[in-house]
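# Examination of the molecular architecture
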Amino acid sequence: MMKLDTTHALLKQSIESYQDKVNQLHKVIFERTGAGNDYMGWVDWADTYDKAEFARILEVANKVKDKAEVLLVCGIGGSYLGARAAIEMIQGLYSDNKREVIFIGNTFSSTYVSQVLKHIQDKSVVLNVISKSGTTTETALAFRVLREFMEKKYGKQECKERIIATTDKARGTLKALADKEGYETFVIPDDIGGRYSVITPVGLVPMAIMGIDIQQVMKGLHDAYVALNTADLNKNPAYQYAVARRILQNQGYDVEMFVAYEPQLAMLAEWWKQLLGESEGKDGKGILPDSANFSTDLHSLGQFIQEGKKVLFETILEVETPTEDLLVPNDEENSDQMNYLTGKSYDWVNKMACKGTIEAHEVTGGVPNLVITIPDMKEYAFGYLCYFFFLATAMTCYMIDINPFNQPGVEIYKKNMFRLLGKPTK
Ligand code: PA5
């Protein structure tokens, strides 16, 4: 389903040489004995997820779908990125879906929030607010503004049919508010952290409302859970990837650039950046996750990658079959001199650009390239890919003695901001 090609990775050590270490850490992951083990619910989530709640997601999505000319998803970080990554990857950026999804609660930008409010003024809106803690300021503030908007537009009673809260099962301001107002609620499990939560109602509710087949997402997740539950480095591409990253960092590469050749994967790259960055960037360790969309960014970042300081390696996510394709038309006069491509598929051109770039970066530029291949950008592939990266993240972090499931550093800006905002201390 997913393959890792290290042919262009310029590895100076073999991946297999890490087999003993991987054997040991594989047990740590699947027996949940490592740091952060309270947050490893994702490991067997494909088996253990609440089936009744899943059925309720489908039911609620079905019920609100026709009311949602616009679906507003209010959340940030792990309560935002996964759903957006999934919807864009699976549906593309200009699909024929009549429903529009807008993400909010992920910024303090007054212009952004004001423009969203104006944009949805005359549209039929359904709102899914998502916050595990229920107290995240960006989300809570936007939700206050949106609640006022929704109550004015629909009245409190109708809001019960149009506002869905995804939050902790018992704790937090959002849970209390949702119960008081009678909103439909879905649970974020205690033992799955934000950046691992796209496979829970956090991601599944918005996906289902947008018409994504979430059963296929869970099938992909499940099949990855089965296929990747092996320590054998010859059989587990997620662990191969985890090890290759460590070898490359040992060779001096402290930046990893996630590269896709499909604009609909740009948000997947953002999701991946959070997953790796927040999991690994601690104790002065870790690889800085960065991303680029090629060939677009070959006309900007390409110069640095090719000839700049040798700080980065690339991880390319290659898609075998695009969601759509078209053929290059013929031009009798060939006035644009493009007839050498007549009859070729656009995707073939894209693939040749990828091939040529890997060669340029690896051979001429000396930049290591890891290539991960997925068959397509559909639901099943998304579910599979989530598990692949969760597992790879756990392994690659444990390899350098990092807890992959906490994020102590993100609290510091909040403390300063609360002081400046004059937030009352209890
Ligand atoms: O990965 C994480 O834990 C964070 O990115 C959180 O998801 C993010 O801060 C949002 O938190 P919450 O869902 O509590 O509003």
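It should be noted that the structure appears before, not after, this text.
Throughout what follows, the structure given in this document is the object of discussion. Note that the structure is a prediction, hence the values are computed from the model and not measured.

Our focus in this paragraph is the overall build of the protein chain. Within the protein chain one finds 15 helices and 10 strands. Computed over C-alpha atoms, the radius of gyration of the protein chain comes to 23 Å, within 12% of the 22 Å expected from 2.2 N^0.38 for 426 residues, which places it in the range of a compact globule. Its C-alpha atoms put the protein chain at 65 × 65 × 45 Å along the principal axes. In the protein chain, which comprises 426 residues, the proportion classed as buried is 53%. In the protein chain, 80% of the contacts between residues at least 6 apart in sequence involve partners at least 24 apart. Total accessible area on the protein chain is roughly 19400 Å²; 51% of this is exposed by carbon and sulfur atoms. Across the protein chain, the 46 positively charged side chains and the 56 negatively charged ones have centroids separated by 8 Å.

Turning our eyes to something else, we now look at the sheet that holds strand β2 (residues 70-74). Taken together, five strands build an open sheet; the order of strands is β3-β2-β4-β5-β6 and the sheet is parallel. The sheet is open, and its two borders are formed by β3 (100-104) and β6 (184-187), each paired with just one other strand. Each adjacent strand pair in this sheet contributes to an overall mean axis angle of 20°, direction not counted. Where β2 lies against β3, five bridges are found, and the strand directions are parallel. Across the sheet, residue Val73 finds its bridge partner in β3, namely Phe103. Set on the sheet, helix α3 (residues 51-65) makes contact with β4 (125-131), β5 (163-167) and β6; between it and β6 the angle comes to about 145°.

A cluster of nonpolar side chains, contributed by Trp348, Val349 and Met352, occupies part of the molecular surface with about 230 Å² of accessible area. Note that Val349 resides in helix α13 (residues 346-364). By relative accessible area, Val349 is classed as partly exposed at 31%.

Among the five residues that make up β2, five are buried, leaving the element largely enclosed by the rest of the structure. As judged from the five bridges shared by β2 and β4, these two strands associate in the parallel manner. Paired with Leu72 across the two strands is Leu127, which belongs to β4.

Within the open sheet, the five strands sit side by side as β1-β10-β9-β7-β8. Their pairing is mixed. With one partner strand each, in any of the chains shown, β1 (3-5) and β8 (288-293) form the two edges of the open sheet. Across the sheet, the axes of successive neighbouring strands diverge by a mean angle of 25°, strand direction being ignored. Pairing of strand β9 (residues 312-319) with strand β10 (residues 369-374) involves six bridges; the strand directions are parallel. Bridge pairing in β10 links Glu314 to Asn369.

Definitions and cut-offs
- Position numbers for residues count from 1 along each chain, tracking the sequence in the order it is written.
- In view of the model being predicted, local features appear only for residues whose pLDDT reaches at least 70, and side-chain atom pairs are presented and counted only at 80 or more, with totals across whole chains, interfaces and linings using the full set of residues.
- To obtain the side-chain values, all non-hydrogen atoms of the structure were used and water was disregarded.
- Only DSSP runs of H or I with at least four residues qualify as helices, and only runs of E with at least two residues qualify as strands; both kinds are numbered from the N terminus onward.
- Throughout, the radius of gyration refers to the C-alpha atoms, and the reference size of a globule is 2.2 Å times the residue count to the power 0.38.
- Partly exposed describes any residue whose relative accessible area lies between the buried limit of under 20% and the exposed limit of over 50%, with all areas from a 1.4 Å probe on protein chains only and scaled to the type maximum.
- Throughout, a contact is declared for two residues whenever any of their heavy atoms are within 4.5 Å.
- Residue-level accessible areas treat just the shown protein chains as cover; the underlying method is Shrake-Rupley with a 1.4 Å probe.
- The charged-residue count follows a simple rule in which Lys and Arg add positive charge and Asp and Glu add negative charge, with His and chain termini not counted at all.
- By convention, the point assigned to a charge is CZ for Arg, NZ for Lys, CD for Glu and CG for Asp.
- A pair of strands is treated as paired once DSSP finds two or more bridges between them.
- Here an angle of 0 to 180 degrees is reported between the N-to-C directions of two axes, which are lines fitted to C-alpha atoms, with helices fitted over the stretch in contact.
- Each patch is assembled from residues with relative accessible area greater than 30% and no salt bridge, linking like charges that lie within 9 Å and nonpolar side chains (Val, Leu, Ile, Met, Phe, Trp, Tyr) that lie within 5 Å.
- What makes a salt bridge here is a side-chain nitrogen of Lys or Arg within 4 Å of a carboxyl oxygen of Asp or Glu, nothing more.

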